[in-house]
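Residue-level structural notes
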Amino acid sequence: MQYPKNFQIYSASAGSGKTFTLVKEYLKILLTSENPFKFQQILAVTFTNKAAGEMKERVIQNLKTFSNFEINNMLSIICGETNLTEDDIFKRSKIILDAILQNYGAFNITTIDSFTHKIIRTFAHDLKLPMNFDVEMDSESLLNEAVDVVISKIGESKELTSLLVNYAIQKLDEDKSWDIALELKDFAKIILNENHSSHLKSLSSVSTSDFKFLKKRLINENEQILEKFNNLGEEGLKTIKENSIENNEFSHSDLPNHFIKLTNLKKLKPQELNFEGRLNNSIVASKNFYTAKCNAATKKVIENITEKLTALYYDSKNLYEEIFGRYVLNTIIIESLIPLAVLNYINTALQEIKNENNILLNAEFNQLISETIKDEPAPFIYERLGEKFRYYFLDEMQDTSQLQWKNLIPLIENALTSEDELGETGQLLLVGDAKQSIYRWRGGNPEQFIALSSNEETKKNNPFYVAKEAASLDKNYRSYSEIIKFNNDFFKHLSSFLSNKVNSDLYLEGNNQLITQKKGGFVQLSFIEKD
């Protein structure tokens, strides 16, 4: 018999039996208890209605199978991991299934949004929300409406009009469309991102004049940087011209092209100026800069000016290492300053739309919960909810945002560290795949799940005062062998191209899925031309 662990974490890649494991552990809690209503103490949370529905269906289906005295793979595994016999499971499954079907509303396998919505409804009075508010799931549509409202106010507010007109001019200067609506709608999405909420609050106290002052200062700083590069470029081109040398008389025209780039830096993309290519290698190797077709006189002239041109190249390289990063950062900030200044107007318009329509956005649930109940004791929260969960299952943990996890910790900690009337403590089971969180879907953070699934025992890696057990589901039951091998090799290879070491190590070490008896498979790669 395997004794249940209080805190278990499974790293589970695609096809590794994640849902099977969740259902198995869920059934073990139900079947090892004498209480047929044990399911009311379990909260299983995932991210989509489809995933929640699938898990519910599998639990019910297995209980139905056992109730009909039928044998499947799940039955033998549960018997092996508990001290239950098949007859015990058959008898208990029918009783538990009846209890669930008669109390289906307490069968809490749900999405995290549904659970947070329930908390919001419970604490509506504390949040000063009307009891009959509606939840808007399509937050982006409402946000787009707020942007349209702000743009429609051009001409009404002198300050706002100036901002939006300057933004349109900025877009034209960058050879982009003057129509700012699309970019503002895309930029405004950060209002819905809970990871940015604290920063947005700070911005609310920054005036429009402060944004304008900062933009002016950064533009002046960038102009000074451009002037330094331009001076070096002009000096190099002047030296070449004074010696009557044509650009094509230099090998591949590399050296004059480098100085031309320095004089046109504002029009270049950051990656277009680099010091790691052919020109740099030629200078380091002290190769000749002239082409083979040059006559002797031209070769001599180029040799005479090589030292000066090389010195100018190194001056530009040193300048690049010293201040080019600052120039790129300033440019990014300058491009974003006007949209940031407009964010306050968009947020105000969004709040007005919500108030007029008695709407609350699904995207702001977690922030509201954090601000309202973060200091409340867990028993008080349970009392208000009318339920007391002792067992927590969190699926797709890699997509759980830092704020969502922070909100759940007090409830989970109370379950793990306290005992019920039978002297039993609660349990927590996390399942996820850190590799998927590098896309930061829904505010997911790779470092959060990586830390939790590590074997180190620090507050960051384990916020609870109980020992944890971390394991991996290494076998891929879904795919055929050739596909599994290709994925392992392909993503290990790609890991070397990821600049973030955490992500690189994650893909290097996390792609070692094992194969089953499903041999064969076919992989085909198709390439398309880059626009």
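The structure reproduced in this document is the subject of the present report.

Rules used in this analysis
- Think of each chain on its own: its residues are numbered from 1, step by step along the sequence as written.
- Local features in a predicted model are, by the rule used here, given only for residues with pLDDT of at least 70; side-chain atom pairs are given and counted only at 80 or more, and totals for whole chains, interfaces and linings are based on all residues.
- To obtain the side-chain values, all non-hydrogen atoms of the structure were included, while hydrogens and water were left out.
- Only DSSP runs of H or I covering at least 4 residues are called helices, and only runs of E covering at least 2 are called strands; the numbering of each starts at the N terminus.
- The globule rule used for comparison is 2.2 Å times the number of residues to the exponent 0.38, while the radius of gyration itself is calculated over C-alpha atoms.
- Buried means the residue's accessible area, taken with a 1.4 Å probe over protein chains only, is under 20% of the maximum for its type, while exposed means over 50%, and partly exposed covers the values in between.
- By definition in these notes, contact holds between two residues if any of their heavy atoms fall within 4.5 Å.
- Per-residue and other accessible areas follow the Shrake-Rupley method at a 1.4 Å probe size, with only the shown protein chains counted as cover for residues.
- The positive count covers Lys and Arg only, the negative count covers Asp and Glu only, and His and the chain ends enter neither.
- We put the charge of a Lys on NZ, of an Arg on CZ, of an Asp on CG and of a Glu on CD.
- Orientation is described by axes fitted as lines to C-alpha atoms, over the contacting stretch for helices, and by angles from 0 to 180 degrees between their N-to-C directions.
- Our angle categories are set so that under 35 degrees counts as roughly parallel, over 145 as roughly antiparallel, 65 to 115 as roughly perpendicular, and the remainder as oblique.
- Handedness of each helix crossing follows the sense of rotation of the near helix against the far helix: counterclockwise by less than a right angle gives left-handed, clockwise gives right-handed.
- For a helix, the expected span equals 1.5 Å multiplied by the number of residues minus one.
- A patch consists of residues whose relative accessible area exceeds 30% and which take part in no salt bridge; residues with like charges are grouped when within 9 Å of each other, and nonpolar side chains (Val, Leu, Ile, Met, Phe, Trp, Tyr) when within 5 Å.
- Salt bridges are counted wherever a side-chain nitrogen of Lys or Arg sits within 4 Å of a carboxyl oxygen of Asp or Glu.
- By the convention used here, strands pair only if DSSP detects at least 2 bridges between them.
- Two rings belonging to Phe, Tyr or Trp (six-membered ring only in the last case) form a pair when the distance between their centres is within 6.5 Å. Interplanar angles under 30 degrees mark stacking, angles over 60 mark edge-to-face geometry, and anything in between is tilted.
- By the criterion adopted, a ring carries a charge over it if an Arg CZ or a Lys NZ lies within 6 Å of its centre and within 35 degrees of its normal.
- Side-chain atoms within 4.5 Å link the members of a nonpolar core, which is a set of buried Ala, Val, Leu, Ile, Met, Phe, Trp, Tyr and Cys residues.

**Notes on the overall build of the protein chain**
For the protein chain, the count of helices and strands is 19 helices and 8 strands. The C-alpha radius of gyration computed for the protein chain amounts to 31 Å, which surpasses the reference 24 Å derived for 531 residues by more than 25%, pointing to a less compact arrangement than a globule. Overall, the C-alpha framework of the protein chain stretches about 100 × 65 × 40 Å when taken along its three principal axes. Counting every position in the protein chain, which comprises 531 residues, the buried fraction comes to 44%. Sequence-distant contacts, at least 24 apart, represent 77% of the contacts inside the protein chain between residues at least 6 apart. Of the accessible surface of the protein chain, which amounts to about 28900 Å², a share of 51% is contributed by carbon and sulfur atoms. In the protein chain, 61 positive and 73 negative side-chain charges are present, and the distance between their average locations comes to 3 Å.

**What to know about the packing of helix 18 (residues 481–495) against helix 19 (residues 501–509)**
It is at 8 Å that the axes of helix 18 and helix 19 come closest, and there the two elements cross at 160°. One way to sum up the angle between helix 18 and helix 19 is to call them roughly antiparallel. Considering the relative orientation of helix 18 and helix 19, their crossing is left-handed. When helix 18 is examined against helix 19, the residues Phe491, Lys492 and Ser495 are found in contact with a partner set consisting of Ser504, Tyr507 and Leu508.

**Quick notes on helix 2 (residues 49–67)**
Look at helix 2: 27 Å from first C-alpha to last across 19 residues, which is about the 27 Å you get at 1.5 Å a residue. Where helix 2 is concerned, the buried positions are Ala52, Met55, Lys56, Val59, Ile60, Asn62, Leu63, Thr65, Phe66 and Ser67. The inward-facing, buried residues of helix 2 abut helix 1 (18–31), strand 2 (42–46), helix 3 (73–81), helix 4 (86–102) and strand 3 (109–111).

**Comments concerning a nonpolar patch on the surface**
On the surface, Phe490, Leu494 and Phe497 cluster together into a nonpolar patch covering about 280 Å² of accessible area. Residue position: Leu494 is located in helix 18.

**Overview of the pattern of salt bridges**
Applying the stated criterion to the full structure yields 18 salt bridges. Residue Lys38 is joined to Glu424 by a salt bridge in which the shortest nitrogen-to-oxygen separation is 3.4 Å. Within this pair, whereas Lys38 is found in the loop between helix 1 and strand 2, its partner Glu424 is found in the loop between helix 16 (402–417) and strand 7 (427–432), the two being separated by 386 residues in sequence. Among the residues examined, Glu424 registers a relative accessible area of 34% and is labelled partly exposed. Between Arg326 and Glu221 there is a salt bridge whose closest N-O contact spans 2.8 Å. A residue pair is termed long-range when its members are at least 10 positions apart, and Arg326 in helix 13 (residues 296–357) and Glu221 in helix 10 (residues 208–242) qualify at 105 residues. Since its relative accessible area comes to 38%, Arg326 is described here as partly exposed.

**As for the sheet that holds strand 8 (residues 468–473)**
Taken in spatial order, the 6 strands of this open sheet run 3-2-6-7-1-8, and their pairing is parallel. Because the sheet does not close on itself, it has two edges, and the strands there are strand 3 and strand 8. Neighbour to neighbour, the strand axes of the sheet diverge by 15° on average, direction disregarded. In this sheet, strand 7 lies alongside strand 6 (residues 391–394) in parallel orientation, the contact comprising 4 bridges. Residue pairing in the sheet places Leu394 in a bridge with Leu430 of strand 7. Contacting strand 2 and strand 3, helix 5 (residues 112–122) runs over the sheet at an angle of about 85° to strand 3.

**Comments concerning the packing of aromatic side chains**
For the coordinates displayed, the defined rule picks out 19 aromatic pairs. Geometrically, the ring pair formed by Tyr26 and Phe107 is edge-to-face, given 6.2 Å between the ring centres and 75° between the ring planes. Here the residue Tyr26 occupies a position in helix 1, and Phe107 occupies one in the loop between helix 4 and strand 3, the gap between them amounting to 81 residues. According to the relative accessible area criterion, Phe107 is buried, its value standing at 2%. With centroids separated by 5.8 Å and ring planes inclined at 55°, the aromatic side chains of Phe491 and Tyr507 adopt a geometry described as tilted. Residue Phe491 is found in helix 18, and its partner Tyr507 is found in helix 19; the two are separated by 16 residues along the sequence. Residue Phe491 is classed as partly exposed on the basis of its relative accessible area, which comes to 27%. Taken together, the ring pairs connect Phe229, Phe275, Tyr313, Tyr314, Tyr320, Phe324 and Tyr327 into an aromatic cluster. Against the face of Tyr480 rests Lys518, its NZ or CZ located 5.1 Å from the ring centre.

**As for the nonpolar core**
Core analysis: the largest hydrophobic core is formed by 37 residues, its most contacted members being Ile120, Tyr392, Trp405, Leu428, Leu430 and Phe464. Those elements that provide at least two residues to this core are strand 1 (7–12), strand 2, helix 5, helix 14 (365–373), strand 6, helix 16, strand 7 and helix 17 (446–453). The element contributing the most residues to this core is helix 16, with 7 residues. Apart from the residues lying within four places of it in its own chain, the contact partners of Ile120 are Leu127, Leu129, Phe133, Leu360, Phe365, Leu368 and Ile369. Of all hydrophobic cores here, the second largest spans 36 residues; its members include Tyr10, Ile42, Leu63 and Phe393.

**Brief notes about the packing of helix 1 against helix 2**
Each pair of packed helices can be summarised by the angle the axes make with each other and by the distance between the axes. Where helix 1 meets helix 2, the closest approach of the two axes is 10 Å, and the angle between their N-to-C directions is 50°. Between helix 1 and helix 2, the angle falls in the class oblique. Note that helix 1 runs across helix 2; the crossing there is right-handed. Residue-level contacts link Thr19, Phe20, Leu22, Val23, Tyr26, Leu27, Leu30 and Leu31 of helix 1 to Glu54, Met55, Arg58, Val59, Asn62, Leu63 and Phe66 of helix 2.

This is a description of form; function is not addressed.
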